[in-house]
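One-letter residues, chain by chain:
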Amino acid sequence: MKMFCRLYIYRYHHQTIGIMKNVDLKIHSYCGNKPILFLIKNAIKCSDIFMDMQSYRGLMCHIYHSNSLQMDYLGALKEVHNTLNKYHIIPNRTLYRYYNTVSIEDIPAVTESQIRKTFKSHGLNFVDGVTCLVTECPMCVAQQGRSPVGRMYINKVTGFFLCHQCRHSGTWDILVRFLVERKKNKSFSAKDLDILTKETTVDKKVDALWKQLQKTTQLLTSLPDDAVRNILRNFKLPIVSQRATIEQFNIRTNDAKSVLYIPLHNIEGQRMGFKILKIDVDGEETFPAVGCGGIICFHRGKNVKEEAAVIVAGVADALALASCKTNLQIVCLPHGLTSLPQQILPSLERFTKLILWFGNDIGAWDAARNFAKKLGENRCYFVRPIENHASPVVALLENQDLKSIISGAQPIWHQAITTFSSLRQDVLSDLQNNDKVQGVKWTRYPALNRILKGHRRGEFTVLTGPTGSGKTTFMSEYSLDLAMQGVNTLWGSFEIRNARLARTLLQQMAGIPLDANLDQFDMWADKFECLPLYFMTFHGQQSIKVVMEAVEHAAYVHDIAHVIIDNVQFMMGISEDAAHIDRFWKQDAIIASFREFATKKNCHVTLVIHPRKERDMEDLTINSVFGGAKATQEADNILIIQDKRLTSVRGKKYLQVAKNRYSGDLGIVPLEFDKGSLSYGQKKKKTNDEGSVQNPT
């Protein structure tokens, strides 16, 4: 079943040619008064293609001296396309601009027991790992003459398979088809093997880009010691005195010493990506931006046991731990605290103990708990985010004993908590980091910060309001605000289609009507693509079982922190259940499923529910929410959009916080709609319409 999709946004505009990120050439129309050479040159200049100067000059010369300039329109396009393929700038396929960088994939309805049963039926021996089942790669065996045969890792939760030797990976259904065909035919012809393996992923783009970078960069260790120290100081990285330590990281820098490149490898030492640090930009970039299968692993030496490792989020923390004397391996994650790709789990299988040290920044403990569920809670330990346990780089600057902090790491999972001593450090962490515990703050709705305090994982929110009051528009901006701060968000829009929802989100982000400013579309669309937003491809009535499979899959693969369902009534529709089943009972079952998911997966769930039919003159209350009492009882927060514009001359629209389980504060937030930006966000002018009252209970 197709649960996620690439959301295509087309821009039909005259005299436009573009090469977009990681996609093929698409020419919308041809400008006759400008030569092909001019258009191609500007397209490459405006793109994010890694291309050395020699290849660029060769491409330009080839186009200029070819017959493409004298050809007709179609002939010119064909010649340009073939030339670009010759210089390996783009793949030989046609795609379009898309958001989310989420591949189209089937959600595998597979369990660990089914995987084991399939392997036994096909005579495959396997080793039971923590997160994966490991077996001899059948694809390597099928390719005659391949030596050595690699190990295939199959994820126990999703069935995703990966072999580092032949570099094939894919979903469980592809592997099953491969095994069935092999059992049926006993052997494979080259043609049959090609048909099956072409559906799997073999990404060699990283190697090509790294080879290009090697031509324009140099190893950091090739520079004098004084120069190395100055570069590390300029990038605010720990000063590492041992040159052998820096050599393990294989750091490269450009001629201007303004960018650092650190490669990411898998368990076999193959390069799967690289981190990018820029001197004038805070934070780290990773290529590929999603699903990188490599890590930075610092080895202490042959005499050090490799059963335990300390996992950190950034390069600075890894260098800080590498500079101190510990007997543990050091692992740096590819995407920091944003996500933990299932592609790196095989590289962590060899460790029996993992110590997660993410500091006491906002979201550190939430990320640790979620990552521990994916890594295996029984082997995970956590450096508690109390005031004295900052990130490794901060602890190093404050001359703290890093070794003693690591030795004090505690298990994340308590099978039986019966005394306060087990909770003591958690309580201390909450008291010392009160502002951070409150959650992510909204930038567009500061009044919500004063009432709800913040957006917290693991909570359950219900939004209701009259038909046509702007529930979807408000929720789209509400979620966009959080996504722009790094909250991984999954949208399940059953009422409106994804293309329309994406247009609303994009215009809210830009703050201007894009239909009147098409020249700015590409700029805002590029920024929007970088947001951690994902969309389910459902529309209309869906069974709760199918929806929950998609949501749980997204939470595992993409580390979703916020799920939005708009709306519950559309999702219910006319079920396949017996006609005598009450609709209230169906809704209660949906509420119970999402409440359980929010608690177990530590993910915030927001449900949009239509209210009952009320009199126009009456305000909506908690009792106005459609269905039984379960929705309002289970909810941690209840938000009601009150719209009095149609019943009063001076009527206004406002958001009412009718329930707040965290702090008990209730209140209202005025909503003033700006049609140009489709925004309800607070304007620059000061308003005194907001109020807040304490919950009498």
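Our structure's up above, just so we're on the same page.
None of these values were measured; they are calculated from a predicted model.

**Details of the sheet that holds strand S10 (residues 217–219)**
With antiparallel pairing, 5 strands are arranged side by side in an open sheet as S10-S11-S12-S13-S14. Looking along the sheet, the strands with just one partner apiece sit at the ends: S10 and strand S14 (285–287). Each strand of the sheet is rotated relative to its neighbour by a mean of 30°, with strand direction disregarded. Most of the contacts of helix H8 (residues 205–216) go to strand S13 (residues 271–278), to which it runs at about 45°, and overall it touches S10, strand S11 (252–254), strand S12 (259–265), S13 and S14.

**Considerations on helix H18 (residues 471–483)**
Under the 1.5 Å per step criterion, the end-to-end length of H18 is 18 Å for 13 residues, consistent within 8% with the ideal 18 Å. Taken across its 13 residues, H18 has 12 buried, putting it largely inside the fold.

**Some thoughts on the environment of Lys453**
Structurally, Lys453 is set in the loop between helix H17 (446–452) and strand S21 (460–464). Spatially, the C-alpha atom of Lys453 lies 7.8 Å from that of Ser663, the residues being 210 residues apart in sequence. Dropping the residues within four chain positions of it, Lys453 is found in contact with Gln438, Lys441, Leu448, Tyr662, Ser663 and Asp665.

**Some words on the nonpolar core**
Membership of the largest hydrophobic core comes to 41 residues, with the highest contact counts inside it found for Leu220, Leu237, Phe249, Leu260, Val310, Leu321 and Trp357. Looking at this core, the element that brings in the most residues is helix H11 (residues 315–322), giving 7 residues. Ranked by size, the runner-up nonpolar core spans 40 residues in total, among them Trp442, Leu463, Ala525 and Phe528.

**Some points on the packing of H18 against helix H19 (residues 498–510)**
One way to put it is that H18 packs onto H19 with a least axis distance of 10 Å and a crossing angle of 60°. Compared by their axis directions, H18 and H19 come out oblique. The handedness of the crossing between H18 and H19 comes out as right-handed. Taking contact as the criterion, the partners of Thr473, Ser476, Glu477, Ser479 and Leu480 in H18 are, on H19, Leu501, Thr504, Leu505, Gln508 and Met509. Tallied by class, the residues present in the contact of H18 with H19 amount to 4 nonpolar, 5 polar and 1 charged.

**Describing the side chain of Gln642**
Mapping Gln642 onto the fold places it in strand S26 (residues 637–643). If sequence neighbours within four positions are ignored, Gln642 has contacts with Asp619, Leu620, Lys652, Lys653, Tyr654 and Gln656.

**So, the environment of Gly293**
Counting through the fold element by element, Gly293 comes out in the loop between S14 and strand S15 (296–298). The exposure class of Gly293 is buried, given its relative accessible area of 8%. With 22 residues separating them along the chain, Gly293 and Arg271 place their C-alpha atoms 8.9 Å apart. Discounting chain neighbours no more than four positions away, the residues touching Gly293 are Asn266, Met272, Gln343 and Ile344.

**Focus on the pairing of strand S22 (residues 489–493)**
When you tally the buried positions in S22, you get 5 out of 5 residues, the bulk of the element. Neither face of S22 is exposed, since Thr489, Trp491 and Ser493 on one face and Leu490 and Gly492 on the opposite face are all buried. Looking at chain direction, S22 and strand S23 (residues 533–535) are connected through 3 bridges and run parallel. Looking at the pairing, Thr489 lines up with Leu533 of S23. Both S22 and strand S24 (residues 562–566) contribute to a ladder of 5 bridges, which runs parallel. Each residue of the ladder has a partner; that of Gly492, found in S24, is Ile565.

**Structural notes on the packing of aromatic side chains**
Ring pairs (aromatic) are described by centroid distance and by the angle formed between their planes. By the definition in use, this model includes 13 aromatic pairs. Their ring planes at 65° and their centres at 5.3 Å tell us that Tyr445 and Phe474 sit as a pair that is edge-to-face. You can see Tyr445 sitting in the loop between helix H16 (434–437) and H17 and its partner Phe474 sitting in helix H18, a full 29 residues away along the chain. For the pair formed by Tyr445 and Phe474, the shared burial category is buried. Judged by centre distance (5.5 Å) and plane angle (85°), the rings of Phe584 and Phe626 are edge-to-face. Of this pair, Phe584 sits in helix H23 (residues 583–600) while Phe626 sits in the loop between strand S25 (604–608) and helix H24 (630–634), placing them 42 residues apart in sequence. Joined through ring pairs, the aromatic side chains of Trp210, Tyr261, Phe274 and Phe287 make up one cluster. The ring of Tyr381 has Lys353 sitting right over it, with the charged end atom 4.7 Å from the ring centre. Positioned above the aromatic ring of Tyr662 is the side chain of Arg456, whose terminal nitrogen or guanidinium carbon lies 3.9 Å from the ring centre.

**Comments concerning the pairing of strand S18 (residues 353–356)**
Both strand S16 (residues 308–312) and S18 contribute to a ladder of 4 bridges, which runs parallel. Looking at S18, one finds that Ala308 is bridged to Lys353. Note: S18 against strand S19 (residues 380–382), 3 bridges, orientation parallel. From the neighbouring strand, Leu354 faces S19, where its bridge partner is Cys380.

Rules of the game
- Residues numbered from 1 in each chain as written.
- Predicted model: local features only at pLDDT ≥ 70, side-chain atom pairs only at ≥ 80, totals over all residues.
- Heavy atoms only, no water.
- Pairing = 2+ DSSP bridges.
- Helix = DSSP H or I, 4+ residues; strand = E, 2+ residues; numbered from the N terminus.
- Axes fitted to C-alpha atoms, helices over the stretch in contact; angles between N-to-C directions.
- Contact = heavy atoms within 4.5 Å.
- Expected span 1.5 Å × (residues − 1).
- Buried < 20%, exposed > 50% of the residue type's maximum accessible area, 1.4 Å probe, protein only.
- Core = buried A, V, L, I, M, F, W, Y, C linked by side-chain atoms within 4.5 Å.
- Parallel < 35°, antiparallel > 145°, perpendicular 65-115°, else oblique.
- Left-handed = near helix turned anticlockwise from the far one by under 90°.
- Nonpolar A, V, L, I, M, F, W, Y, C, P; charged D, E, K, R; others polar.
- Phe/Tyr/Trp six-rings, centres within 6.5 Å; stacked < 30°, edge-to-face > 60°.
- Lys NZ or Arg CZ within 6 Å of the ring centre and 35° of its normal.

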